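Breakdown of the fold
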Amino acid sequence: MQRAGSMMSHLGSCLQALPSALRRSLSSAQDVLRRTPLYDFHLAHGGKMVAFAGWNLPVQYRDSHVDSHLHTRRHCSLFDVSHMLQTKIFGHDRVKLMESLVVGDIAELKPNQGTLSLFTNEAGGILDDLIVTNTSEGHLYVVSNAGCWEKDLTLMQDKVRELQNMGNDVGLEVMDNALLALQGAVTSGCPSPCLKKNVAMGYVPCEYSRPGTLLLVEVRRKQQMAMVSKMPFVPTNYYTLK
């Protein structure tokens with residue numbers, strides 16, 4: 001304990017020895033991070049705040065990651081996702097615009113129905129995932145990842161200008177609303193506490209897609225055995241409102 005204390009004292013001395021301009025720079029970098037409307041709530045409930053995609057977000061509360069995961073799986077949890085890119089697509093040709101960018105069948109969405117879809121490039125490669133909702137207010141509500149904010153927004157804005165130049169009726173508006181997600185904890189690409197094993201999602205050739213097929217996968221340059229499984233990985237206990 002004495003050694004740890006001396007190390008902390010030494011670290012504190014080193015920080016004090018930093019040039020004042022550098023200390024101000026580090027402080028300014030923290031200050032420029034955007035905060036969601038629930039920032040004070042997170043702090044009051046012991047949220048450990050970290051920088052993510054230009055935002056100050058909680059990565060963990062007082063409970064462990066495992067306890068939080070199991071609570072979400074067994075019950076449900078609210079997540080502050082106000083940092084995500086939210087856009088409103090309006091105009092008579094709004095569906096035409098979205099269906100030129102994503103793989104989902106947007107035209108068949110009922111009022112206030114949403115779908116998970118993918119932005120793709122000209123070669124069919126995946127750029128980002130997103131959720132598109134056909135609102136009853138006459139516009140499409142699009143939510144995509146904060147880490148791809150600039151890329152996704154540029155993609156949509158470029159397509160809006162292209163269609164407008166062709167005489168189409170379409171527009172785009174970036175929304176600055178708070179956003180909460182009610183989730184019952186789907187896990188992919190990491191350990192699953194309730195299954196006691198790792199799970200992940202990926203693409204395989206059709207001949208290897210049958211459930212129960214054994215595969216050899218490479219994770220961080222190490223080969224691991226894997227088995228193809230039907231989703232969901234664990235039984236669900238939620239209900240869909242119809």
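Quantities reported herein were computed from a predicted structural model and do not represent experimental measurements.

With respect to burial, strand β8 (residues 139-144) is a largely interior element, six of its six residues being buried. Here β8 shows two buried faces, one formed by H139, Y141 and V143 and the other by L140, V142 and S144. Bridge analysis of strand β5 (residues 85-90) against β8 gives six bridges, and the strand direction is antiparallel. From the neighbouring strand, F90 faces β8, where its bridge partner is H139. Bridge analysis of strand β7 (residues 126-134) against β8 gives five bridges, and the strand direction is antiparallel.

Another point: the nonpolar core. Residues I89, L97 and M98 are the most contacted members of the largest nonpolar core, which totals 18 residues. Among the secondary structure elements, those contributing two or more residues to this core are β5, α5 (94-99), β7, β8 and α6 (149-165). In contact with L97, not counting residues within four places along its chain, are I89, K159, V160, L163 and V170. Judged by nonpolar contacts, the second largest core, of seven residues, contains M84, M175, L179 and A181.

Right, let's get into the confidence of the model for the protein chain. Here the protein chain averages 83 in pLDDT, while 83% of its residues score no lower than 70. Ignoring residues within four places in sequence, the model shows residues 1-17, a span with pLDDT below 50, making two contacts including any to other chains.

Once that is clear, we can look at the sheet that holds strand β9 (residues 171-175). Pairing between sheet strands relies on hydrogen bonds along the backbone, with the strands arranged either parallel or antiparallel. The strand order across the open sheet formed by five strands is β6-β7-β8-β5-β9, and the pairing between neighbours is antiparallel. Across the chains shown, the open sheet's two edge strands, defined by having one partner strand only, are β6 (113-120) and β9. Averaged over all adjacent pairs, the angle separating strand axes in this sheet is 30 degrees, with direction ignored.

A few words on helix α4 (residues 65-74). Within α4 the residues assigned to the buried category are H69, L70, T72 and R73. Axial view of α4: buried residues confined to an arc of 160 degrees, hence all on one face.

Let us now look at the sheet that holds strand β3 (residues 55-60). Read from one edge to the other, the open sheet built from three strands follows the order β1-β3-β2, with strand pairing classed as mixed. Unpaired on one side and paired on the other, β1 (34-35) and β2 (48-52) mark the two borders of the sheet.

On the surface, a cluster of nonpolar side chains totalling about 470 Å² of accessible area is made up of L214, L216, M225 and M227. Listed by contribution, the elements that provide at least two residues to the nonpolar patch are β13 (214-219) and β14 (222-227). Structurally, the position occupied by M227 is in strand β14.

The rules behind these values
- Residues numbered from 1 in each chain as written.
- Predicted model: local features only at pLDDT ≥ 70, side-chain atom pairs only at ≥ 80, totals over all residues.
- Heavy atoms only, no water.
- Buried < 20%, exposed > 50% of the residue type's maximum accessible area, 1.4 Å probe, protein only.
- Helix = DSSP H or I, 4+ residues; strand = E, 2+ residues; numbered from the N terminus.
- Pairing = 2+ DSSP bridges.
- Core = buried A, V, L, I, M, F, W, Y, C linked by side-chain atoms within 4.5 Å.
- Contact = heavy atoms within 4.5 Å.
- pLDDT = per-residue confidence, 0-100.
- Axes fitted to C-alpha atoms, helices over the stretch in contact; angles between N-to-C directions.
- Arc of directions from axis to C-beta.
- Patch = residues over 30% accessible without salt bridge, like charges linked within 9 Å, V, L, I, M, F, W, Y side chains within 5 Å.
- Areas by Shrake-Rupley, 256 points an atom, 1.4 Å probe, with all protein chains shown as cover.
- Salt bridge = Lys/Arg side-chain N within 4 Å of Asp/Glu carboxyl O.

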